[in-house]
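Observations on the model geometry
For reference, the chains in residue letters:
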Amino acid sequence: MPDLTSRGLPRPRTGLYTRNAREGVNPVLDHGFVNAVRSGRVEPVAAVQAFDGPDVILADGTRLRPDTVIAATGYRTNLHDLVGPLGVLDEDGQPLAAGAQTHPEAARLYFAG
């Protein structure tokens, strides 16, 4: 696993094979993302706490207006706190639109996976 701790991304506590054996999770390695972080094209920031119109409010209180937000939520979505008020999730917390489709309430919000 590439080391991106200098860019604010902590190293995993367990290795890829251990995590798969213990949790049944198959981690995805995307070296395009790694290269984008290393080159500065992608900037990791604190966790997203809320959306306020075009602004993103981070857990550390910072307010940003980014071009793109990538929410790497892992294998459990648990997005109710983050996007539940937008009306884009069903009662089970699954996106009402996914892939290239968007929901009319959030025309530029995409869900993958």
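Residues numbered from 1 in each chain as written. Predicted model: local features only at pLDDT ≥ 70, side-chain atom pairs only at ≥ 80, totals over all residues. Heavy atoms only, no water.

1. Some details on the overall build of the protein
A count of helical and extended segments in the protein gives three helices and three strands. The order of helices and strands in the protein, counted from the N terminus, is α-α-β-β-β-α. By principal-axis analysis of the C-alpha atoms, the protein measures approximately 40 × 30 × 25 Å. In the protein, which comprises 113 residues, the share counted as buried stands at 16%. The long-range share in the protein, meaning contacts at least 24 apart out of those at least 6 apart in sequence, stands at 24%. Placing the 11 positive and 13 negative side-chain charges of the protein at their respective mean positions leaves the two points 11 Å apart. (Helix = DSSP H or I, 4+ residues; strand = E, 2+ residues; numbered from the N terminus. Buried < 20%, exposed > 50% of the residue type's maximum accessible area, 1.4 Å probe, protein only. Contact = heavy atoms within 4.5 Å. Lys, Arg positive; Asp, Glu negative; His and termini not counted. Charge placed at Lys NZ, Arg CZ, Asp CG, Glu CD.)

2. Re the environment of Asp 90
By secondary structure assignment, the location of Asp 90 is in the segment after α3 (80-83). Every residue in contact with Asp 90, bar those within four places of it in the chain, is listed here: His 80 and Leu 96.

3. Quick look at the pairing of strand β2 (residues 55-58)
In this sheet, β2 lies alongside strand β1 (residues 48-52) in antiparallel orientation, the contact comprising four bridges. Bridge pairing in β2 links Phe 51 to Val 56. Between the end of β1 and the start of β2, which pair antiparallel, lie two residues, with Gly 53 showing a positive phi angle near 60 degrees. Pairing geometry for β2 and strand β3 (residues 63-64), over two bridges, is antiparallel. Across the sheet, the residue bridging to Val 56 is Leu 64, located in β3. What sits between the antiparallel neighbours β2 and β3 is a turn of four residues, in which Gly 61 has the positive phi angle 95 degrees. (Pairing = 2+ DSSP bridges.)

4. Focus: the environment of Leu 16
By secondary structure assignment, the location of Leu 16 is in helix α1 (residues 16-23). Residue classification places Leu 16 among the partly exposed positions, given a relative accessible area of 33%. Spatially, the C-alpha atoms of Leu 16 and Ala 107 are 35 Å apart, while their sequence positions differ by 91 residues.

5. Examining helix α2 (residues 31-39)
Burial in α2 covers these residues: Val 34, Ala 36 and Val 37. Each buried residue of α2 sits inside an arc of 165 degrees when the element is viewed along its axis, so together they form one side. (Arc of directions from axis to C-beta.)

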